[in-house]
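Here is what each chain is made of, one letter per residue.
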Amino acid sequence: MADAPLNKNKEHLIHLSSGIILSILMFFYFKHLNLKPVLTEDNIRFLLFGMPGEIGGLALTLLLTLILVPITLIFGAFLAILRSSKGILKWIASFYIEVVRATPLIMVIFWVYFAIPIFIKNVTNKDISVQPVIAALIAFSIFTSAYIAEILRSGLNSISKGTKEAALSLGLTKFQMYAYIIIPLVIKRMLPSLLAQYVAMFKDTSLAYIIGVIEFFRAATILNNRLFLSMEIFTIVAIVYFILSFIMSRLARKLEIRWRKQLSD
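Cut-offs used in this document
Residues numbered from 1 in each chain as written. Predicted model: local features only at pLDDT ≥ 70, side-chain atom pairs only at ≥ 80, totals over all residues. Heavy atoms only, no water. Helix = DSSP H or I, 4+ residues; strand = E, 2+ residues; numbered from the N terminus. Rg over C-alpha atoms; globule rule 2.2 N^0.38 Å. Axes fitted to C-alpha atoms, helices over the stretch in contact; angles between N-to-C directions. Parallel < 35°, antiparallel > 145°, perpendicular 65-115°, else oblique. Left-handed = near helix turned anticlockwise from the far one by under 90°. Nonpolar A, V, L, I, M, F, W, Y, C, P; charged D, E, K, R; others polar. Buried < 20%, exposed > 50% of the residue type's maximum accessible area, 1.4 Å probe, protein only. Contact = heavy atoms within 4.5 Å.

To continue, consider the overall build of the protein chain. Counting secondary structure elements, the protein chain contains eleven helices and zero strands. In sequence order, the protein chain lays out its α and β elements as α-α-α-α-α-α-α-α-α-α-α. Computed over C-alpha atoms, the radius of gyration of the protein chain comes to 23 Å, more than 25% over the 18 Å expected from 2.2 N^0.38 for 265 residues, which places it beyond the range of a compact globule. A principal-axis box enclosing the C-alpha atoms of the protein chain has dimensions of 80 × 70 × 30 Å.

The following block contains the structure:
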């Protein structure tokens with residue numbers, strides 16, 4: 001027992017030493033950066049909000065994430081229920097999930113942006129174009145939902161038969177059972193994995209730049225093409241992504257602790 005405070009003090013000392021060393025290294029790193037041309041009012045506004053009269057930059061990145069969370073959660077839950085069922089629907093859901101998870105996200109984005117107009121033209125003989133933001137939303141919904149489905153399926157497998165039988169004995173339909181009892185319980189149980197996936201999705205939105213979506217990373221690339229200050233600009237980008245991801249992770253951790261406490265009561 002006497003070793004516990006000693007180990008804790010040793011751990012605090014290691015964290016403090018690491019923080020000091022990192023601070024020193026960051027000081028000398030930033031000392032050699034030319035941040036003044038980057039941190040002008042117009043440049044900061046462009047990085048945060050995009051072009052005047054449009055939504056872009058960091059604001060668009062956050063907006064994409066906020067829109068995608070409920071879409072992927074609902075679609076992922078639907079896929080998870082289908083995969084946990086029996087019959088042909090199970091095989092269709094399984095095929096979809098396995099194919100999507102085996103495909104790089106960048107290929108899904110390209111496929112949605114370029115293949116959908118070609119497919120529609122072949123079917124209807126009409127030329128259409130998909131807006132880059134809409135294509136990005138569709139691609140991320142397709143991709144992330146497959147991973148959410150697997151996370152939720154693991155949670156569904158952890159639900160006992162007694163819980164399901166109790167819900168059905170109360171006169172609930174299967175849809176009501178899943179909607180009001182099973183899925184909310186699964187989400188709480190699988191919260192750490194779900195939140196980790198959504199933090200990863202927030203960072204993955206940077207891949208939308210390849211089809212012209214002027215989100216945060218694309219805005220930084222445009223700014224770099226004008227200023228040619230790669231280290232300065234992308235250091236700022238990395239710091240912003242780190243800060244936001246860290247805040248999301250900490251909030252997720254607090255939410256997880258609160259919900260686990262509710263489950264244990």
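Let us look at the packing of helix 3 (residues 57-83) against helix 6 (residues 132-157). Axis separation between helix 3 and helix 6 bottoms out at 6 Å; the angle between their running directions is 45 degrees. Viewed along their axes, helix 3 and helix 6 adopt a mutual orientation that is oblique. Handedness of the helix 3/helix 6 crossing: right-handed. Considering only residue class, the contact of helix 3 with helix 6 consists of 18 nonpolar, five polar and three charged.

What follows is about the side chain of R83. Note on placement: R83 falls in helix 3. Residue classification places R83 among the buried residues on the basis of a relative accessible area of 14%. Leaving out residues up to four positions away in the same chain, R83 has contacts with K90, A93, S94, I97, E98, E150 and R153.

Everything listed here is a matter of coordinates, which is why it stays silent on function.
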